[in-house]
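Each chain, written out:
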There are 2 protein chains.
Amino acid sequence: MNVVLLGSGNVATHFGKALVGAGHRVVQVFSRNLAHASLLAEALNADAIDHVSGIDTKSDIYIIAVKDDAIEEVALQLPAFLKGIVVHTAGSMDIHVFATRFQKYGVVYPVQTFSKSKTIDFSTIPIAVEASDDRVYTELEALTSGLSQCVFPCSSVQRLSLHVAAVFACNFTNHLYAVASDILQRHHLAFDLIRPLILETAEKVMDHEPRDVQTGPAIRRDESTIRKHLALLVSEPDLSELYASLSDRLRGDK
Amino acid sequence: MNVVLLGSGNVATHFGKALVGAGHRVVQVFSRNLAHASLLAEALNADAIDHVSGIDTKSDIYIIAVKDDAIEEVALQLPAFLKGIVVHTAGSMDIHVFATRFQKYGVVYPVQTFSKSKTIDFSTIPIAVEASDDRVYTELEALTSGLSQCVFPCSSVQRLSLHVAAVFACNFTNHLYAVASDILQRHHLAFDLIRPLILETAEKVMDHEPRDVQTGPAIRRDESTIRKHLALLVSEPDLSELYASLSDRLRGDK
């Protein structure tokens with residue numbers, strides 16, 4: 001397939017590389033910042049453009065992988081008579097954002113966190129697919145199945161819930177790592193000391209349900225330990241509040 | 001060294017196996033429940049006892065790996081004239097719990113979460129060591145260095161802070177996994193869909209500081225997405241409150 005990538009960030013980069021790796025041709029990379037477009041275009045052997053007006057109108061698929069609040073704007077600049085499928089890659093943007101503008105459209109949402117510094121095996125990333133109709137779904141499924149082993153149909157509401165779940169399991173979890181790092185630093189201890197624990201905690205739920213492997217003072221109602229922990233955090237009311245409220249939730253769990 | 005293990009839970013089990021693997025001899029396993037003591041004793045080629053009165057008084061070290069609120073009770077039952085070192089393995093119990101009772105005492109706290117169903121390479125587990133004096137420290141360091149590559153001195157206050165950090169990075173993190181699992185289930189989506197994300201989130205901080213790799217709507221002040229997420233959670237006030245308060249913390253981070 002011939003693909004136009006709109007965007008040059010982490011998602012566009014990982015998608016582009018996976019597409020090229022699967023034998024597709026990335027024709028163009030668009031970014032408002034030409035330097036960014038050029039950098040990715042070069043890696044994908046594509047042309048770089050910084051104006052949507054110069055877009056190739058004969059491609060099979062247009063992947064809009066820009067920030068959520070720019071998706072509609074980019075879509076509005078695309079010619080309405082496009083024959084190809086227009087998709088975005090966002091978790092929390094309804095498919096209907098494209099409804100009045102294109103005939104064939106959809107969403108391909110990769111459930112993963114991307115960073116420039118770390119490569120990921122794209123084939124292991126679950127891809128949520130939604131399409132304007134069954135034929136478009138079949139086309140999108142064929143394309144994404146060549147990139148990932150886990151492609152599944154997903155409505156806009158389901159995708160939103162998936163994104164919310166991802167915020168808890170990834171963004172908020174990473175914040176708890178940061179909180180732990182702060183506490184250690186304050187007591188002159190290295191973050192290295194809990195890295196094995198963090199990895200083990202994640203690995204444990206790879207083949208267990210999180211509730212079945214819950215540990216810690218709150219779940220076993222060890223109030224004496226909880227009191228000691230709250231006493232340690234007493235000079236940081238926001239942290240002790242977070243500790244108390246998460247412990248309350250855990251006490252309620254069992 | 002000859003070792004007596006007091007306790008038969010996860011920590012006692014993992015310690016016992018590591019000790020035997022390193023060539024030490026576990027003489028006895030104590031548990032108030034003889035069946036539990038026997039099960040572990042058999043695995044370690046040791047004797048099982050269910051009364052502290054029958055304890056071998058000539059061992060080199062007594063490892064008390066019982067629940068926090070039972071440590072003092074078990075210690076009080078041990079003969080006061082013991083020549084060996086008495087240690088506990090708890091994160092939040094001060095070393096002074098042993099001060100009036102024994103001459104040589106200390107703490108060996110493994111910074112890891114243990115479960116019966118999953119084996120762990122003990123050599124990668126950081127072990128916090130505290131001792132009643134320098135000579136005892138040297139003995140405990142010699143023993144634990146044979147089990148783990150990462151043994152470090154750690155005061156009782158530091159150990160408490162390490163335990164609090166571990167609660168955030170492990171227990172609370174696992175709870176967020178459970179919250180994510182609930183959200184997915186409610187929308188008929190499998191937890192499998194975010195397992196790669198959970199693993200990647202943990203792996204990312206193995207060689208990065210958590211704050212440097214923070215992602216998500218809150219850190220980039222994507223208020224439109226946050227509103228959609230809160231709307232999805234509107235029927236669950238406690239969850240939307242948790243979402244809002246963690247997002248507030250993240251907004252404050254940058």
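1. Quick notes on the side chain of Ser 148 of chain A
All names here are of chain A.
Piece 1. Following the sequence through the fold, Ser 148 ends up in the loop between α4 (134-145) and β8 (151-153).
Piece 2. Overall, Ser 148 belongs to the buried group, its relative accessible area being 4%.
Piece 3. Here the side chain of Ser 148 touches Ile 125 through a polar contact of 2.5 Å, landing on its backbone oxygen.
Piece 4. A distance of 2.9 Å separates a polar side-chain atom of Ser 148 from the backbone nitrogen of Cys 150.
Piece 5. Ignoring any residue separated from it by four or fewer positions in sequence, one finds Ser 148 in contact with Phe 122, Ser 123, Ile 125, Pro 126 and Ile 127.

2. Things to note about helix α1 (residues 10-21) of chain A
All names here are of chain A.
Piece 1. With 12 residues, α1 extends 16 Å from end C-alpha to end C-alpha; this agrees with the ideal 16 Å at 1.5 Å per step.
Piece 2. Residues Ala 12, Thr 13, His 14, Phe 15, Gly 16, Ala 18 and Leu 19 constitute the buried set of α1.
Piece 3. A positive phi of about 95 degrees marks Gly 23, the residue just after α1.

3. Side note on the nonpolar core
Piece 1. Leu 162 and Phe 168 of chain A together with Leu 162 and Phe 168 of chain B are the most contacted members of the largest nonpolar core, which totals 124 residues.
Piece 2. Each residue touching Leu 162 of chain B, except ones within four places of it in the same chain, is listed here: Leu 184, Leu 189, Leu 193 and Ile 194 of chain A together with Tyr 109, Val 111, Ala 128, Phe 152 and Cys 154 of chain B.

4. Let's talk about the pairing of strand β2 (residues 25-30) of chain A
Every other side chain in a regular strand lies on the same face of the sheet, so the side chains alternate between the two faces.
All names here are of chain A.
Piece 1. In terms of burial, β2 is a largely internal element, 5 of the 6 residues being buried.
Piece 2. Across 5 bridges, the pairing between strand β1 (residues 2-6) and β2 is parallel. Bridged to Leu 5 within β2 is Val 29.
Piece 3. Considered for its hand, the β-α-β crossover made up of β1, α1 and β2 is right-handed.

5. Focus: the sheet that holds strand β4 (residues 61-64) of chain B
Residue and element names in this part refer to chain B.
Piece 1. Here 8 strands make up an open sheet; going across it, the order is β3-β2-β1-β4-β5-β6-β7-β8 and the pairing mixed. The strands lining the two open edges of the sheet, one partner per strand, are β3 (47-49) and β8 (151-153). Going from strand to strand, the sheet's axes swing by 25 degrees on average, the running direction of each strand aside.
Piece 2. Relative to β3, strand β2 (residues 25-30) is paired through 3 bridges, and the arrangement is parallel. Of the residues in β3, the one forming a bridge with Phe 30 is Ile 49.
Piece 3. Against the sheet, helix α4 (residues 134-145) touches β4, β5 (85-88), β6 (105-110), β7 (127-131) and β8, its axis set at about 160 degrees to β7.
Piece 4. Sitting on the sheet, helix α5 (residues 156-186) is in contact with β5, β6, β7 and β8, with an inclination near 20 degrees to β6.

6. Regarding the interface of chain A and chain B
Piece 1. With 85 residues of chain A at the contact, the number on the chain B side is 85 residues.
Piece 2. Summed over both partners, the interface of chain A with chain B comes to about 8500 Å²; 67% of that surface belongs to carbon and sulfur atoms.
Piece 3. As a salt-bridge pair, Asp 182 of chain B and Arg 211 of chain A come within 2.9 Å of each other at their nearest N and O atoms.
Piece 4. Taken together, the links from chain A to chain B amount to 38 residue pairs in polar contact (both at pLDDT 80 or more).
Piece 5. Looking at the side of chain A that touches chain B, the elements that each hand over two or more residues are α5 (156-186), α6 (195-204), α7 (223-232) and α8 (237-253) of chain A.

7. Structural notes on the relation of the copies chain A and chain B
Piece 1. Overlaying chain A on chain B yields an RMSD of 0.0 Å, the required transformation being a rotation through 180 degrees with an accompanying axial translation of 0.0 Å. With respect to symmetry, the two chain copies, as superposed, fit the operation of a two-fold axis. Within chain A, Thr 173 of chain A has its C-alpha nearest the rotation axis, a separation of 2.7 Å.
Piece 2. Same-surface contact between copies: 100% of interface residues of chain A are shared with the interface of chain B.

8. Overview of the pattern of salt bridges
Charged atoms that come close allow side chains of opposite charge to pair.
All names here are of chain A.
Piece 1. Counted according to the given criterion, the structure contains 20 salt bridges over all chains.
Piece 2. In this structure, the salt-bridge partner of Glu 236 is Arg 186, at a minimum N-O distance of 2.3 Å. Linking Glu 236 in the loop between α7 and α8 with Arg 186 in helix α5, this pair joins segments that are 50 residues apart in sequence.
Piece 3. For Glu 236, a relative accessible area of 16% gives the class buried.
Piece 4. Of the charged contacts in the structure, one is a salt bridge between Arg 195 and Asp 192, with a shortest N-O distance of 2.8 Å.
Piece 5. What makes Arg 195 buried here is its relative accessible area of 13%.

9. Some remarks on the sheet that holds strand β5 (residues 85-88) of chain A
Residue and element names in this part refer to chain A.
Piece 1. Taken in spatial order, the 8 strands make up an open sheet running β3-β2-β1-β4-β5-β6-β7-β8, and their pairing is mixed. Since the sheet does not close on itself, it has two edges, and those belong to β3 (47-49) and β8, each with one partner. Each neighbouring strand pair of the sheet contributes to a mean axis angle of 25 degrees, computed without reference to strand direction.
Piece 2. Where α4 meets the sheet, its contacts fall on β4 (61-64), β5, β6 (105-110), β7 (127-131) and β8, and the angle it forms with β7 comes to roughly 160 degrees.
Piece 3. Each of β5, β6, β7 and β8 touches α5; the most contacted strand, β6, lies at about 20 degrees to it.

10. Points about the state of the cysteines
Residues and elements named next belong to chain B.
Piece 1. Inspection of the entire model under this criterion finds 0 disulfides over all chains.
Piece 2. No disulfide involves Cys 150; its sulfur sits 11 Å from that of Cys 154, the nearest cysteine.
Piece 3. You can call Cys 154 buried: its relative accessible area is 4%.

11. Things to note about α5 of chain B
Residue and element names in this part refer to chain B.
Piece 1. Compared with an ideal rise of 1.5 Å per residue, which puts 31 residues at 45 Å, α5 spans 43 Å between its outermost C-alpha atoms and is within 8% of the ideal.
Piece 2. At Val 167, α5 shows its largest kink, close to 35 degrees.
Piece 3. For α5, the buried fraction is high: 28 of the 31 residues fall into the buried class.
Piece 4. Phi turns positive one or two residues past the end of α5, at His 188, with a value near 60 degrees.

12. Thoughts on the pairing of β5 of chain A
All names here are of chain A.
Piece 1. Across the two faces of β5 the burial is the same, with Ile 85 and Val 87 and Val 86 and His 88 all buried.
Piece 2. As paired strands, β4 and β5 are joined by 4 bridges and run parallel to one another. Considered in β5, the bridge of Ile 64 is made with His 88.
Piece 3. A crossover connection joins β4 to the parallel β5 through helix α3 (residues 68-77); in handedness this β-α-β unit is right-handed.
Piece 4. Bridge analysis of β5 against β6 gives 3 bridges, and the strand direction is parallel.

Conventions we followed
Residues numbered from 1 in each chain as written. Chains lettered and ligands numbered in written order. Predicted model: local features only at pLDDT ≥ 70, side-chain atom pairs only at ≥ 80, totals over all residues. Heavy atoms only, no water. Helix = DSSP H or I, 4+ residues; strand = E, 2+ residues; numbered from the N terminus. Buried < 20%, exposed > 50% of the residue type's maximum accessible area, 1.4 Å probe, protein only. Polar contact = N/O pair within 3.5 Å; in protein donor to acceptor, adjacent residues only side chain to side chain. Contact = heavy atoms within 4.5 Å. Expected span 1.5 Å × (residues − 1). Core = buried A, V, L, I, M, F, W, Y, C linked by side-chain atoms within 4.5 Å. Pairing = 2+ DSSP bridges. Right-handed = clockwise from strand over helix to strand, strands pointing away. Axes fitted to C-alpha atoms, helices over the stretch in contact; angles between N-to-C directions. Buried area = accessible area lost by both parts, 1.4 Å probe. Salt bridge = Lys/Arg side-chain N within 4 Å of Asp/Glu carboxyl O. Least-squares fit on C-alpha atoms with pLDDT ≥ 70 in both. Disulfide = S-S within 2.5 Å. Bend = angle between axes of the 7 residues up to and from the residue.

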